[in-house]
Every structure is written in structure tokens, then in C-alpha cells.
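Understanding the architecture of this molecule
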Amino acid sequence: MAFPVLSTYRLQLRGPASGEAFTFADAVQLLDYLDELGVSHLYLSPILTAVTGSTHGYDVTDPTTVSPELGGPDGLARLSAAAAERGLGLIVDIVPNHVGVDQPTQNPWWWEVLRHGRSSSYATFFDIDWDLDEQGRIVLPVLGSDDDVAELKVDGDLLRLGELTLPIAPGTGDGTGPQVHDRQHYRLVGWRNGVVGYRRFFSITSLAGLRQEDRAVFEASHAEVARWVREGLVDGVRIDHPDGLSDPTGYLAWLRDLLGPQALIVIEKILAVDEALEPTLPIQGTTGYDVLREVGGVFVDPAGAPALTELVEFAGVDYHGMPRQLADLKVQVATDTLGSELARLLRAVATAAGTDHPQLPEAIAQLLTHIDVYRTDYLGLSAVLPTALAETQSARPELGPALQVLTAALAHGGEPATRLQQLCGAVTAKAVEDCLFYRDARLVSLNEVGGEPLRFGVGAAEFHHRAAARARLWPQAMSALSTHDTKRGEDVRARIGVLSQVPSLWTEFVARWEAQAPSPDSATGQFLWQNIFGVWPVSGEITGKLRDRLHAYAEKAIREAALHTSWNDPDTAFEDSVHRWVDTVLDGPVAGQLTELVAQLNPHAASDALGQKLLALTVPGIPDIYQGTELWDDSLVDPDNRRAIDYAARRAALAALEHPKMRVVTTALRVRRSHPDTFGHGDYVPVLADGEAADHVLAFARGDDIVVAVTRWTVRLTEKGWGNTVLTLPEGTWKDTLTGAIADGPTSAAQLFADLPVVLLERHHG
């Protein structure tokens, strides 16, 4: 039977070969805990067969089978049945856009295409650029250099180079490795050439794009998913990266028909800050990055913006030049990182338009700098592309003729239009999330997927209006605070966000630290100082694990920023200097000062963390609790946020109900269970505070039986107190489910928040 989706708990599954197994069987052992916690559904990371040892599951190698590493179809069936016995359901993450091809022997579809080329029955399954090679071979950028072809060895019907194993086409295996290679349906080249013979997931060559616009591909890759829903094993799916597909709208229509009207379908659609989700999509909504920005943003104090801007500019950053820097990054990504994808688009444009133009590459790259969304071909975004064309023409009039060639090709629809949209999303992701967000150091808690760091937080009016709109339009969309893709965990963001309240104090500490432990580069230092502060232990204890985590994060951050080093061309001298600096921070006098500052600000960070958690659990939408975040979580970006969770500690905390975050999480989840209509369909109405500290309260009513109120900007609040601030509650008597306190009518904020910085009021009937 299908269970109504009231809330989800995200689990990152891993097979034994990953080193830290968490399988279906392990999930079964958690069911009693998750049931008591109060969730309605387990939300599983991808469970189809992936590359052996995968730590995440997004590199699926066989979309037709449940991963044997996780427990196979029987393990899934046992988990589903055990969950159902407790009234719990399953939601599963699926990956339609791409499959893993890093280990060709493990991907039967890819293997067949490499072996038989265009004659393979799977040749049309992949988005392969058959015209890139003069002989119609698939270009595979898997070699260190082109010269490595000379080292290929024939081993029966296999071609080998180190750990790389590839098939040999029937009847072509005689001769040396290089001779046999030249007869294959693929051509191996050095990865530095920037040439790729298939659509990738962004710039990751180990993930090859599928052609879901082909009904045969769709049906073959979704037969197993359809079985799960048909047999009642799962109640819904989360769709990974739909914007990478040829036609997301058409795909989602097919998926809805396949899974039926009752299945939950949410999509990992990353909305720009002012982008509305396409209202005609047959889905329940997004996975909640939009909510994440809003919920975290209301705790950011706008008064801190000038001082924190001045601090990064003192480090040599032209902060007001960030939009120009982003535009330059997009051009670089389009023409360099994704040059192969741009070249394929250019060929499609020239073919469709019947002509070419030498400035077409520049025109397309510049056009993408004027587009702030992942793709523009949703019905509700029909004005975005012409507006971008107008802005490009205005800024660069000389590109007008090339833009005309582009629009002539787009008028035909088809391949040029599709490839422009796919390039747009990839350029946006690589330039913004994977680069700019590692450079912008003003307040790094804002640098989140779906975020906009140039907007310093979210005002209460915007927050309320967006929440009320979501209650009307997307009441079953997900609301999330942490995911497997967030740049920092929710509690780390909450602590860093407190710096918006104390910019002068932060400036003072950073100046002292830079004098005692000068960072190798001021802008890099500004970025890393905040992240180090965000995860610094309250106890001040420096463990080997913390040291390893900070070194790994620092290296990833500076390579993503690509200012002094990068993944493709690491500058070992600069990286070594950053590693030495991290050790200096950990082992020198700065460590004690960090502990001092964390101790001073942690009460405010904890207040904000509780506030945003309660909001995420009670605003319109289906709240998703990322694994482990029911207690304080100090995770940074992946793979740090995929560490094993200590569930013994969480069971103990749930039993004791003394940990404030656990109290908030389980209380809110249980209240949701007892008021499904209120949270599923109830209105959202702001409840306004009055008095000298009214700005420090954010409150709203859900339906006619729930009121939520949280405290914010507590640094100033601690200094001046609540004074005459009151919150006028809706008519009736109310009981705080967190503390048991009773209130009615105009209630003083001091009384309301006497025990906790948050309240969850339930209509009290005596």
C-alpha cells in the first residue's frame, strides 16, 4: 500500500567495496529508530547497480538491476516490507541523465556499443557524437596522452592499458595493440585534448549521457523503477539533474504516465533566485534548494553586509566586480572546459542554419553570460532567451550577425535548440557552483546550491510571501537544509551566518590571525578562515580526523576556485603552502583564539540552527532530514558529508530528549504526523510581532491549529533584550509542544522564548 509522504529521512547507501558499507540490511536495522523519530519515509540514494565500490550511486552501470552490493532486489523487497510493517514508505533517487562508463566492463550497454559501434542495439541509447571522428569512431578521452596508444596490449578479445580494459570488435584482433586499436569502433585520445565523443554530465568524462528522448531508451532504463512502484515497493522517486536531458518536460510527462498519478515525483531542479518552477510540470515540486536559501537567509543580518564587503575588498577582491568575474568564468567554461560540447553545438547550428559565422563561438559564450537559469525552454521562461539575445546585442553589437545565424538555427528547433539548453545548464553549474562559490568570501554560508551570495540574506517579507505561494502551488515540494550536494552542512552554515551579526568582531579576529598565521593568499585565506571557524570544535580538541578533513577541504576548495591551482593543473608549491598554513592554524596560537571565538558565538549559532531546522520542518512542503542532522552536524562538502553516522548516539539522544536539536526534530515530526491535513494542505499566514525587538521574531500559522515562531539576530537581542515585544497569537489557547508552556492572546516574547529560541504551538483544547 502507498503511504502519504509527510516527511523523509535521507540515507546515503554504500556497498561493502566502498569501505564503509550501509546497505538495505543496515537500513532495516534503523527502522525502529526512524519510526520513533517521526518520519514517514526513508529517502534512499540511488540503488541501481553502480560502479563497484561507488560511495554515492550516481555512477549507475546497469539501470535494469538493483545493486547486488546493496542487497539486490531481495534486499530491497525486505526493506520495503519491514518499513511497511511500521507504516513507513520508501522514496528512491534515480539518475536518468547519465550512466557510469569509467569501468567499461561493468556497463553492459556501453560495452556493447564499444564492441559493435553503430551496429550495436544500444548505439542509440547514448548521446554519442558519431561525426567527431572522420571514421565514425567514438572518441574516448581516457589516456594520459595520445602517445599512450603505443602501450596498448592485446589480451584475447580485450585491449588493455594498465587497469583500462576495452572490447575488441569481432574479427579485428590480429596484430599489435596500436594496430588493433585503429580498427575499433572507438578512438582513444589524451584527456588534455579537450575532445569528447559523447555528452557528459557537466565535464565528467566518466559519466556518459543517455538519450531519454528516445522512447526505447526511456522504457529500458525505467522498467525496474516502474516495477518498484507497480509492486508497491516504493511510493515515489527523486529525479537527479533533469535539466541535463534533451527534453525535461517531455521526460517528466512520460514518467508520470509510467508511475501513475499517486507516485511522488520531485526533481533536483536548481532554481535561480528569481526563477519560478514551471507550473505545468506533472510533479510535486523540487527537492528544496529554494527553501534552503530562504530558511537560512532570514537569519543573516543585513546590517553586516557593508563591513564584510569591506573586509574582502581589503584582501584585494573587487567585490562589486563579481558579476563581471562570473561572466568571464562562463565564457571560460563554455569555450575551454566545455569546448567539446560547444563545438558540437556549433556544428549543429551551422547545419541547421545552412551557414556559419566566425564569431559564433564568442556570440554563444557571451549569450550564456546573460542567462541566469539552468535552461530557458520551460514554457514559463519563454521571455528569458530573447531578453538575453537583446542584452548580448546591446553589449556587443558586433556579434549581431553571428546571433542571427544562431537564431536561424534555433527556429528549426531540434538539435541546435537542445544542445544550447544543455550547454547552458552545464556552463551555469561549472561557473557558479563549482568555481565562483569557492571564490566569493564575503559570507560563505550564502554560497550554496541555488543561492545568490550577492543578495545578503532574505527579508521576512520575501520569506513569508514565498512560503505562502508554495503552500498554494507546491504543497508537496521538498524542503531541505542539507543534502549530499550542499557545500556545507546546515549547522556549519548557521554558525558562519552569525558573522553577519558581528562583522567588526570577525574583522578584528581575522586581522589578528593573519598577523600570527599569514595565509598564502589573502582572498583564499578569507574564504578558508570562515570554513575553519564553521567546523571548529567547541571543545577546541584537534583530532587527527579533523586535521585530515580540513586539509582535504582546503585542497578541494582551492582547486575548485582555480585561481592559483586546479584539478587539471595542480600547482604543488601553492598547495603545499596552503597545507602548511592549515597546520600552522591547527598547531599555533590561532587555535586557542578560534576556540575562544567559537565559545563566544556558539550559543547564537545554536539558536539559529534550531530556528532554521524548525522552519524547514514546518513551512509548506515535505521536510527532508539529511542523515545525522537530527544532532549537531559539522559536515563540509562531499565526501565529508557522506561520513558514517553514529546512530547509537542518536538513539540515546532520542531516548533522553535533552539535546535541543533532537527535541525540535522529533517534536516537529510527530506534530506533523498528528496534523497531516494542516501541514499537507493548510494555509500559511504570517503572524506579526510588535514592539522594539519585533524584527527578531519570525512567526506564522499553519491552518488554524499550528503556530511557529523563531528567534533571530540574537547577538543584538542579547544586548538589548526583548523589552516590550509581544506576539499576538490567533484566537484561542496554545500549548508549546516543545516545553508544555501554555499561552494565549498577546504574549510577551520574553515569556514565549524563556526556555528555547523556538516555539511550536499547537491549539490547546484543555
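Numbering of residues starts from 1 in every chain and runs along the sequence as written. Only residues with pLDDT of 70 or above have their local features reported here, since the model is predicted, and side-chain atom pairs are shown and tallied only from 80 upward, although totals for entire chains, interfaces and linings are computed over all residues. As a rule here, side-chain values cover all heavy atoms of the structure and leave hydrogens and water aside.

The subject of this paragraph is the sheet that holds strand β12 (residues 200-201). Being paired, for any two strands, means DSSP has found at least two bridges between them. To qualify as a helix, a DSSP run of H or I must reach at least 4 residues; to qualify as a strand, a run of E must reach at least 2; elements of each kind are numbered from the N terminus. Read across the sheet, 3 strands follow the order β6-β13-β12 without closing on themselves; strand pairing throughout is antiparallel. The strands lining the two open edges of the sheet, one partner per strand, are β6 (98-100) and β12. Summarising the sheet, β12 and strand β13 (residues 204-209) pair through 2 bridges and their orientation is antiparallel. Across the sheet, the residue bridging to Phe-201 is Ile-204, located in β13.

UniProt positions are given in the numbering used here, feature names are shortened, and annotations may be inferred rather than shown by experiment. Mapped onto the present numbering, the UniProt feature "domain: Glycosyl hydrolase family 13 catalytic" (unreviewed entry) falls at residues 20-655. Between the end C-alpha atoms of residues 20-655 there is a gap of 26 Å, over a span that is 46% helix and 11% strand.

For Phe, Tyr and Trp, rings pair up if their centres lie within 6.5 Å, where Trp contributes its six-membered ring, and each pair is then called stacked (planes under 30 degrees apart), edge-to-face (over 60) or tilted (otherwise). With the rule as written, the count across this model stands at 18 aromatic pairs. Ring geometry for Trp-110 versus Tyr-198: centroids 5.3 Å apart, planes at 75 degrees, classification edge-to-face. Linking Trp-110 in helix α3 (residues 108-116) with Tyr-198 in the loop between β11 (186-190) and β12, this pair joins segments that are 88 residues apart in sequence. Across the pair, Tyr-198 and Trp-110 agree in class, each one buried. Taken together, a centroid distance of 5.5 Å and an interplanar angle of 85 degrees make the contact between Trp-506 and Trp-513 edge-to-face. An aromatic cluster is built from Trp-506, Phe-509, Trp-513, Trp-529, Phe-533 and Trp-581, whose rings are joined through pairwise contacts. Think of it as a cone above the ring: NZ of Lys or CZ of Arg counts as a charge over the ring if it is within 6 Å of the ring centre and within 35 degrees of the ring normal. The lysine or arginine in question, Arg-495, covers the ring of Phe-533, its NZ or CZ lying 5.9 Å from the ring centre. Categorising residues by exposure relies on relative accessible area from a 1.4 Å probe, with only protein chains included: less than 20% of the type maximum marks a residue as buried, more than 50% marks it as exposed, and the intermediate range marks it as partly exposed.

This part takes up the sheet that holds strand β8 (residues 153-155). Pairing within the open sheet is antiparallel, and its 3 strands lie in the order β8-β9-β10. In this open sheet, the two strands that pair with only one neighbour each are β8 and β10 (164-167). Averaged over all pairs of adjacent strands, the angle between their axes in this sheet comes to 30 degrees, without regard to strand direction. As defined by bridge partners, β8 adjoins strand β9 (residues 158-161) across 3 bridges and the pair is classed as antiparallel. Within β9, the position partnered with Lys-153 by the bridge is Arg-160. Whether two residues touch is decided by their heavy atoms; if any such pair falls within 4.5 Å, the residues are in contact. To get an axis, a line is fitted to the C-alpha atoms, and for a helix only the part in contact is used. The angle between two axes follows their N-to-C directions and goes from 0 to 180 degrees. α3 contacts β9 and β10 of the sheet and is inclined by roughly 60 degrees relative to β10.

Look at the link from Asp-638 to Pro-639: it is a cis peptide, with omega at 5 degrees. Mapped onto the fold, Pro-639 is located in the loop between β18 (622-626) and α22 (647-656). Positive phi outside glycine occurs at His-241, with the angle close to 45 degrees. The class for His-241 is buried, based on a relative accessible area of 9%. With a phi close to 55 degrees, Trp-713 is a non-glycine residue in the positive phi region. Inspection of the secondary structure puts Trp-713 in the loop between β22 (706-711) and α25 (714-720).

As a further point, take the layout of surface pockets. We place a 1 Å grid over just the protein atoms. Points where a 1.4 Å probe fits but has no way out form a cavity, open points with protein on both sides within 12 Å along at least 5 of 7 lines form a pocket, and any residue with an atom within 4 Å of a point lines it. Grid points are joined across faces, edges and corners, and a volume is the space filled by probe spheres set on the points. In this structure, the second largest pocket spans a volume of roughly 1100 Å³. If you go around the second largest pocket, you meet 40 residues; those closest to its centre are Arg-549, Asp-633, Asp-634, Ser-635 and Arg-643. Of all the elements in the fold, those that place two or more residues in the lining of the second largest pocket are α16 (490-497), α18 (522-535), α19 (544-561), α21 (589-618) and α22. It is α19 that contributes the most residues to the lining of the second largest pocket, 6 residues altogether. For this classification, Asp, Glu, Lys and Arg are treated as charged, while Ala, Val, Leu, Ile, Met, Phe, Trp, Tyr, Cys and Pro are nonpolar and the rest, including Gly, are polar. Taken together, the residues of the lining of the second largest pocket sort by class into 19 nonpolar, 7 polar and 14 charged.

Here strand β23 (residues 726-736) runs beside strand β24 (residues 742-748); their pairing, made up of 6 bridges, is antiparallel. Paired with Thr-733 across the two strands is Asp-744, which belongs to β24. The antiparallel hairpin formed by β23 and β24 contains 5 residues in its connecting segment, where Gly-740 sits at a positive phi of about 85 degrees.

Domain segmentation is taken from an automatic or database assignment of domains. Parsing the protein into structural domains produces domain 1 (8-97 + 212-268), domain 2 (104-209), domain 3 (320-330 + 340-422) and domain 4 (681-763). Summarising the inter-unit geometry, the C-alpha centres of domain 1 and domain 3 are found 36 Å apart. Taken residue by residue, the interface counts 6 residues in domain 1 and 5 residues in domain 3. Note on domain 1 versus domain 3: buried area summed over both sides is about 560 Å², and carbon and sulfur give 40% of it. Definition used for salt bridges: Asp or Glu carboxyl oxygen within 4 Å of a side-chain nitrogen of Lys or Arg. One can count 0 salt bridges joining domain 1 with domain 3. Polar contact criterion, stated in full: a pair of N or O atoms within 3.5 Å, where within protein one must be able to donate a hydrogen and the other to accept it, and residues adjacent in sequence count only if both atoms are side-chain atoms. Between domain 1 and domain 3 we count 5 residue pairs in polar contact (both at pLDDT 80 or more) in total. Accessible-area loss on putting two parts together, using a 1.4 Å probe and summing over both, is the definition of buried area adopted here.

Residues Leu-264 and Val-266 of strand β15 (residues 264-267) are buried on one face, and the alternating residues Ile-265 and Ile-267, pointing to the opposite face, are buried as well. Where strand β14 (residues 236-239) and β15 come together, 4 bridges link them in parallel fashion. Its bridge partner lying in β15, Ile-239 is registered against Ile-267. Crossovers are marked right-handed if the path from the first strand over the helix to the second runs clockwise, as seen with the strands pointing away from the viewer. With helix α6 (residues 248-259) bridging β14 and the parallel β15, this β-α-β connection has right-handed handedness. Across 2 bridges, β15 lies against strand β16 (residues 285-286) in parallel orientation. Bridge assignment links Ile-267 to a residue of β16, and that residue is Thr-286.

Before going further, it helps to examine the side chain of Lys-487. Note on placement: Lys-487 falls in the loop between β17 (478-480) and α16. Setting aside its immediate chain neighbours within four residues, Lys-487 contacts Glu-433, Asp-434, Tyr-438, Asn-447, Glu-448, Val-449, Leu-636 and Val-637.

Along the chain, the position of Ala-494 falls in helix α16. By relative accessible area, which is 5% here, Ala-494 ends up buried. In sequence terms Ala-494 and Asp-608 are 114 residues apart; their C-alpha atoms lie 5.8 Å from each other. In this structure Ala-494 touches Ala-605, Asp-608, Ala-609 and Gln-612, once residues within four positions along its chain are discounted.

Looking now at the packing of helix α9 (residues 322-337) against helix α14 (residues 414-433). Contact pair α9 / α14: the axes reach a minimum separation of 9 Å and the direction vectors enclose 130 degrees. As judged from the angle between their axes, α9 and α14 are oblique. Both α9 and α14 take part in a crossing whose hand is right-handed. In this structure, α9 uses Leu-326, Leu-329, Lys-330, Val-333 and Ala-334 to contact α14, whose residues at the interface are Val-427, Thr-428, Lys-430, Ala-431 and Val-432. Each angle gets one of four labels, with under 35 degrees taken as roughly parallel, over 145 as roughly antiparallel, 65 to 115 as roughly perpendicular, and the rest as oblique. A crossing counts as left-handed when the near helix is turned anticlockwise from the far one by less than a right angle, and as right-handed when that turn is clockwise.

A probe as big as a water molecule, rolled over the atoms, marks out the empty space that is left. Under the criterion given, the structure shown has 7 cavities of 30 Å³ or more. Estimated volume of the largest cavity: approximately 270 Å³. What lines the largest cavity is a set of 22 residues, among which Arg-199, Arg-200, Glu-341, Gln-422 and Leu-423 lie closest to the centre. Mapped onto the lining of the largest cavity, the elements with two or more residues apiece are β12, α10 (339-353) and α14. The leading source of residues in the lining of the largest cavity is α14, at 5 residues. When grouped by side-chain class, the residues that make up the lining of the largest cavity number 8 nonpolar, 7 polar and 7 charged.

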